[in-house]
Structures are given as C-alpha cells and as structure tokens.
Amino acid sequence: MAAATSKSAPPIGVAHFSSILLPPAEFAKAAARAGFSRIGLRLHPAFPGAPYYELPAGGSAAGELKSVLAGEGVDVFDIEFFVIDPSFEASLMEATVAAAANIGACRLSVCGDDPDQSRLVSNLSDLCRLADRYGLAVDVENMGWRVTRTFQDSVSLVKASGARNAGALVDGVHFFRNGGTLASLRTETLWVKHVQLCDVAGPAPVTPEEMIAEARGGRFAPGEGELPLKELIAAVDGCAAISVEVPLTGSAPPEVHLKNLYDKAEGLFGPDC
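In this report, the structure presented in the accompanying data block is examined. (Residues numbered from 1 in each chain as written. Predicted model: local features only at pLDDT ≥ 70, side-chain atom pairs only at ≥ 80, totals over all residues. Heavy atoms only, no water.)

## Describing the sheet that holds strand E3 (residues 75-84)
Ordered in space as E1-E2-E3-E4-E5-E6-E7-E8, the eight strands form a closed barrel in which the pairing is parallel. Each neighbouring strand pair of the sheet contributes to a mean axis angle of 30°, computed without reference to strand direction. Pairing of E3 with strand E4 (residues 107-112), which is carried by five bridges, proceeds in the parallel orientation. From the neighbouring strand, Phe82 faces E4, where its bridge partner is Val110. Running over the sheet, helix H9 (residues 229-236) touches strand E6 (166-171) and strand E7 (192-197) and is turned about 165° from E7. The sheet strands contacting helix H10 (residues 254-266) are strand E1 (12-14), E7 and strand E8 (241-244), and the helix crosses E1 at an angle near 145°. (Pairing = 2+ DSSP bridges. Helix = DSSP H or I, 4+ residues; strand = E, 2+ residues; numbered from the N terminus. Axes fitted to C-alpha atoms, helices over the stretch in contact; angles between N-to-C directions. Contact = heavy atoms within 4.5 Å.)

Structure follows, in structure tokens:
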C-alpha cells in the first residue's frame, strides 16, 4: 500500500518518465511503495522512438493496472504526451483518450509546436473538446525548444483556446530555464493546474540540443539543485496538483530512485513553505 504522506505535504504524484522502463502496473507498485499517491503514465510517445505503453480499454493490461491501482491505493492523474504540431489531428487521439479515461486519469499533458498560431489554437481546442467528452482536462507545458517556449506562451495558448478544461502545466526546469518568474506565476495562478517538481544547477542551456539533453538526462531530485522550488510551491498556494518528474539516468534501481524523489519532494513542504 502507498505510504502515508506527512501532515504538511499534499498528495504527491510522480511522472512515468521518472522510471519509464517500468510497465504501468510495475510503475504503480514501485511508486506506491515509495510513498506516492498519484502517478502519471505515458500512453503516447513524446517524440519519435520514445518509449510508451498502450492500455486499450477492455484489454488485459488495463485490467491488471486497475487491479494494482485499487490494491495499492494509487490514482492515475495525468497521461502523457501529446505534441500539437502541424500534423496533429485530435480525432486520431481518441483511442488514447478513451484509454486514459478507462483507467481513471484526470488530465492530459501536451505541448504546442506549430508555428501557425491559428492552427495551434484550433487543434488545442479540438483536443479539449475530445477530452471533455471523456471527462478529462488538458494541460499545456512550455518547453524551450518548442514553439510554445515560455510559461507566458502556454498561458496565452490556453486563454486563446477558450476551453473551460484547459490549463497550464508548470515544470520546474522548463519554467525557470525559459524566463519564468515567481511574479509572473502569481499573476497567472488561476490557469496553473499541475506543477512538476525537479531541479537543475549551473548555467542554463542555450541550444535546443542542450535543452533537450538537460530535460531528459540532466535533472536532479527536488532540492538537490538551485531552483527556488519552495517558493514555486508557495506561489501556487495549494491550487495545483503536485508531482515529480526526474528521469532515472544512473544505475540505481527504480525503487531506490523513486523513494529518493518522494523523500526529497516531501521535504520541500513545511511551515516555511
């Protein structure tokens, strides 16, 4: 069963990318044992060749996962990852959205990568309508190498979509490395529905290749780097779901890695937060 969180910490989730080689049921078990009460799952590839898992509704894998979730007391929070690029068609995502709803997910995570702003807004709106039919919401995450590069870009896209179920996802690395400030966050807190904790140190990468390398292999556990994560948590003031995303890149067993992530994230919450 999932370990109890401290009295001062809210429910904390963990992204599948933190240990992506674990299939969903195994990931759920490992996350629960580490202390997490929510998980994200990657049911759609974030980039060509990226690992992901299919859990079609009615399939044995989905059934096994739901049994594990019930037994471990863990919920599925978000499903990754949709890139809204020029070739994106929301209707082609319906099977994945249906699979997400089937396992109890609440939200979908996306990024915007289409230079045609009108088409980007239209495609996000289409995805939000599709998601809404299944009782899901959609969060836009900014990334430095994408068209939706900054936090303000993601908020502007969400607003332009006009979708009642659209929000912004604030990832610690992508937020601070691409010009995000706590002041700007406080002015747009209403739109922030999900915060992913992670840490980095040293000069910010400049080229897209360097940004990708840091995001996929250069993150630290929360509190092990230089980002003002306690202040970030305070800025959203309990209005957004909290999770952790730090890919496992070393030789540590996944269970050890996930336990460290949980302990470090939990340690950010306290009287001074």
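## Comments concerning the pattern of salt bridges
Following the criterion strictly, the structure yields 14 salt bridges and no others. Here Glu26 and Lys29 are joined by a salt bridge, their closest N and O atoms 3.5 Å apart. You can see Glu26 and its partner Lys29 sitting in helix H1 (residues 24-34), three residues apart, about one turn around the helix. Its relative accessible area of 38% is what places Glu26 among the partly exposed residues. When its relative accessible area of 22% is taken as the criterion, Lys29 is described as partly exposed. (Salt bridge = Lys/Arg side-chain N within 4 Å of Asp/Glu carboxyl O. Buried < 20%, exposed > 50% of the residue type's maximum accessible area, 1.4 Å probe, protein only.)

## Things to note about the side chain of Asn165
With respect to the helices and strands, the residue Asn165 is situated in the loop between helix H5 (151-161) and E6. Of the polar contacts made by the side chain of Asn165, one reaches the backbone oxygen of Cys128; its length is 2.9 Å. With residues up to four places along the chain from it excluded, the contact list for Asn165 reads Arg107, Cys128, Ala131, Asp132, Leu136, Ala137 and Val138. (Polar contact = N/O pair within 3.5 Å; in protein donor to acceptor, adjacent residues only side chain to side chain.)

## Some thoughts on the nonpolar core
Soluble globular proteins tend to bury their nonpolar side chains together. Counting 80 residues, the largest nonpolar core has Phe36, Ile39, Leu41, Leu108 and Leu127 as the members making the most contacts within it. With residues up to four places along the chain from it excluded, the contact list for Leu108 reads Ile79, Phe82, Val97, Ala100, Leu127, Ala131, Leu136, Ala137, Val138 and Asp139. Ala46, Met143, Trp145 and Met211 belong to the second largest nonpolar core, which has eight residues in total. (Core = buried A, V, L, I, M, F, W, Y, C linked by side-chain atoms within 4.5 Å.)

## Notes on the packing of aromatic side chains
Counted according to the given criterion, the structure contains three aromatic pairs. Ring centres 4.9 Å apart and planes at 85° place the aromatic pair Phe175 and Phe176 in the edge-to-face group. The exposure class assigned to Phe175 is buried, which follows from its relative accessible area of 0%. Grouping aromatic residues by their ring pairs yields a cluster made of Phe151, Phe175 and Phe176. Lying over the aromatic face of Phe47, Arg216 brings its terminal NZ or CZ to 3.7 Å of the ring centre. (Phe/Tyr/Trp six-rings, centres within 6.5 Å; stacked < 30°, edge-to-face > 60°. Lys NZ or Arg CZ within 6 Å of the ring centre and 35° of its normal.)

## Here we look at the pairing of strand E2 (residues 38-42)
The buried count for E2 comes to four of five residues, which makes it a mostly enclosed element. Sheet analysis places E1 next to E2, joined by two bridges and oriented parallel. Looking at the pairing, Gly13 lines up with Arg38 of E2. In terms of handedness, the path from E2 via helix H2 (residues 60-72) over to E3 forms a crossover that is right-handed. (Right-handed = clockwise from strand over helix to strand, strands pointing away.)

## Looking at the environment of Gly35
Its place among the elements puts Gly35 in the loop between H1 and E2. Under the relative-accessibility criterion, Gly35 is labelled buried at 0%. For the pair Gly35 and Gly223, spaced 188 residues apart in sequence, the C-alpha separation works out to 17 Å.

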